[in-house]
Amino acid sequence: MEKRLQSLKQEVESIINGVSTLQEIDDIRVKYLGKKGSLTEISKQMRDISPDDRPRFGQLVNETKTAITELIEKRMERLKEQIKEQQLKDEIIDISLPGRMISTGGLHPITETMDFLKDIFIEMGFDVAEGPEVEFTKYNFDALNIPDTHPSRDLQDTFYILENVVLRTHTSPVQARYMEKNKPPFRMICAGKVYRNDYDISHTPMFHQMEGLMVGENISFANLKAILEQFVTKVFGKTKVRFRPHFFPFTEPSAEMDVECVICKGKGCRVCKHSGWLEIMGCGMVDPEVLKNVGYNPEEVSGFAFGMGIERITMLRYGIDDLRAFFENNMRFLKQFK
Ligand code: PHE
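Owing to the predicted nature of the structure, the values given are computational and were not obtained by experimental measurement.

A.B. asks: Help me out: how do you make sense of the layout of surface pockets in this one?
C.D. replies: Using a probe with the size of a water molecule, rolled over the atoms, empty space left in the structure can be pinpointed. As a volume, the second largest pocket reaches approximately 170 Å³. If you trace the second largest pocket, you find it lined by S103, T104, G105, G106, L107, H108, M331, L334, K335, F337 and K338. Of the residues contributing to the lining of the second largest pocket, the split by class is four nonpolar, five polar and two charged.

In structure tokens:
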């Protein structure tokens, strides 16, 4: 009997280190210590043993049971540790592997330029205003002293929605709306989309403009020149500018402002049509009629206004020679501005 118990313990000792799962250990536990296990079977033989030997036998069974239990528990603990170690090894993150880049978008060069130009004026104390793209003829034309007979009222240039509603043909109606709501002195700019029924290599039916207006006592053409020259310097660096007389129904006198060609530095090239100059904006002193239309007294206040095409300035900033590039949404073109 003693031998049998001894060999049970040895059996367990010999197989216990070979197991690799918790289930296998549990199987061993059931096999040796369970209700129908080997040890239980042996202890049943207690009946056949003489009463004198029983205490010794009982003690031996208990010792064996404790020894086997200990063996199993030790192995179980060790196995749990091994499983955990393996898990940690498997789950290790290799931080030396380069991450996947998230590709981000960028601003369209027109938007980027618009923000850039706006910031220059914001720095000079200009307020930023907005107005609707679908506009009443009252603001797009009448308030700006554009009479019914003016060619820009012609159906050829303007997209009419209703007889008195158009897609704004310039940002100037925002001037009129702003003056209605605000009292001088003020300085404001406005930028956005404008629409004209014009489509060829150098015109698109939708394009962008930026408009500026400054009204107050004793505002003069000298103020206009000072502000615009400072603006141009910020955009293109130190360049020569010139003002040529022009006509706009809402300014008097009116001018167009040219900068020395940024491509050839005034020597003459294809871009400036060999003149050495590039026209970049229209401007002038606000016509007294326009001031009257919004309820100002032209005897008390005066002002200047200017308007420019954003596409044109973007092309000059980046040396883009085809207007269509802005509207084709070619990713290879757009990605260059990120
Ligand atoms: N609105 C004019 C245009 O679209 C530009 C301009 C604005 C001219 C303000 C003078 C003053 O051509």
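A.B. asks: Would you explain the site of the ligand in this entry?
C.D. replies: Taken together, the neighbourhood of the ligand is formed by 14 residues, with H170, S172, R196, Q209 and F250 sitting nearest. Side-chain polar atom of S172 to a nitrogen atom of the ligand: 3.0 Å apart, as the coordinates give it. Within the contact set of the ligand, an oxygen atom lies 2.9 Å away from a side-chain nitrogen or oxygen of Q209. For the ligand, whose accessible area on its own is 320 Å², the fraction buried by protein is 89%. Among the secondary structure elements, those contributing two or more residues to the shell around the ligand are α7 (172–181), β6 (206–216), β9 (277–286) and β10 (302–309). Among the elements that take part in the shell around the ligand, β10 stands out by supplying three residues, more than any other. Tallied by class, the residues present in the shell around the ligand amount to five nonpolar, seven polar and two charged.

A.B. asks: Just checking my understanding: could you explain the environment of F126 for this structure?
C.D. replies: With respect to the element layout, F126 can be found in the loop between α5 (109–123) and β1 (127–129). Expressed as a C-alpha distance, the spacing of F126 and A255, which sit 129 residues apart in the sequence, is 21 Å.

A.B. asks: Explain the sheet that holds β9 here, please?
C.D. replies: Hydrogen bonds along the backbone pair up the strands of a sheet, which may run parallel or antiparallel. If you walk across this open sheet you meet the seven strands as β1-β5-β6-β10-β9-β8-β7, and the pairing is mixed. Looking along the sheet, the strands with just one partner apiece sit at the ends: β1 and β7 (241–248). The average angle at which neighbouring strand axes cross in this sheet is 25°, direction not considered. Note: β6 against β10, eight bridges, orientation antiparallel. Pairing of Q209 across the sheet is with G309, part of β10. On the sheet, helix α8 (residues 221–236) packs against β6, β7, β8 (251–260), β9 and β10 and is oriented at approximately 150° with respect to β9.

How each quantity is defined
Along every chain, residues carry numbers that run from 1 in the direction the sequence is written. Totals for whole chains, interfaces and linings use all residues, but because this is a predicted model, local features are given only for residues with pLDDT of at least 70 and pairs of side-chain atoms are given and counted only at 80 or more. Each side-chain value is worked out from all heavy atoms of the structure, with water and hydrogens disregarded. Method remark: on a 1 Å grid restricted to protein atoms, a set of points is classed as a cavity if a 1.4 Å probe fits but cannot get out and as a pocket if it is open with protein on both sides within 12 Å along at least five of seven lines; lining residues have an atom within 4 Å of a point. Grid points are joined across faces, edges and corners, and a volume is the space filled by probe spheres set on the points. Each residue is assigned to one class: nonpolar for Ala, Val, Leu, Ile, Met, Phe, Trp, Tyr, Cys and Pro, charged for Asp, Glu, Lys and Arg, and polar for all the others, Gly among them. In these notes, residues near a molecule or strand are those with any non-hydrogen atom within 4 Å of it. Counting of polar contacts relies on pairs of N or O atoms within 3.5 Å, with two restrictions inside protein: one atom must be capable of donating a hydrogen and the other of accepting it, and residues adjacent in sequence are counted only when both atoms are side-chain atoms. What sets the accessible areas is the Shrake-Rupley method with a 1.4 Å probe; for residues, cover comes only from the shown protein chains. The helix count covers DSSP runs of H or I at least four residues long, the strand count covers runs of E at least two residues long, and both are numbered beginning at the N terminus. Two strands pair under a simple rule: DSSP has to find at least two bridges between them. Each axis is a line fitted through C-alpha atoms, and for a helix only the stretch in contact is used; angles between axes span 0 to 180 degrees, taken between their N-to-C directions. Contact criterion: two residues are considered in contact whenever any of their non-hydrogen atoms come within 4.5 Å of each other.

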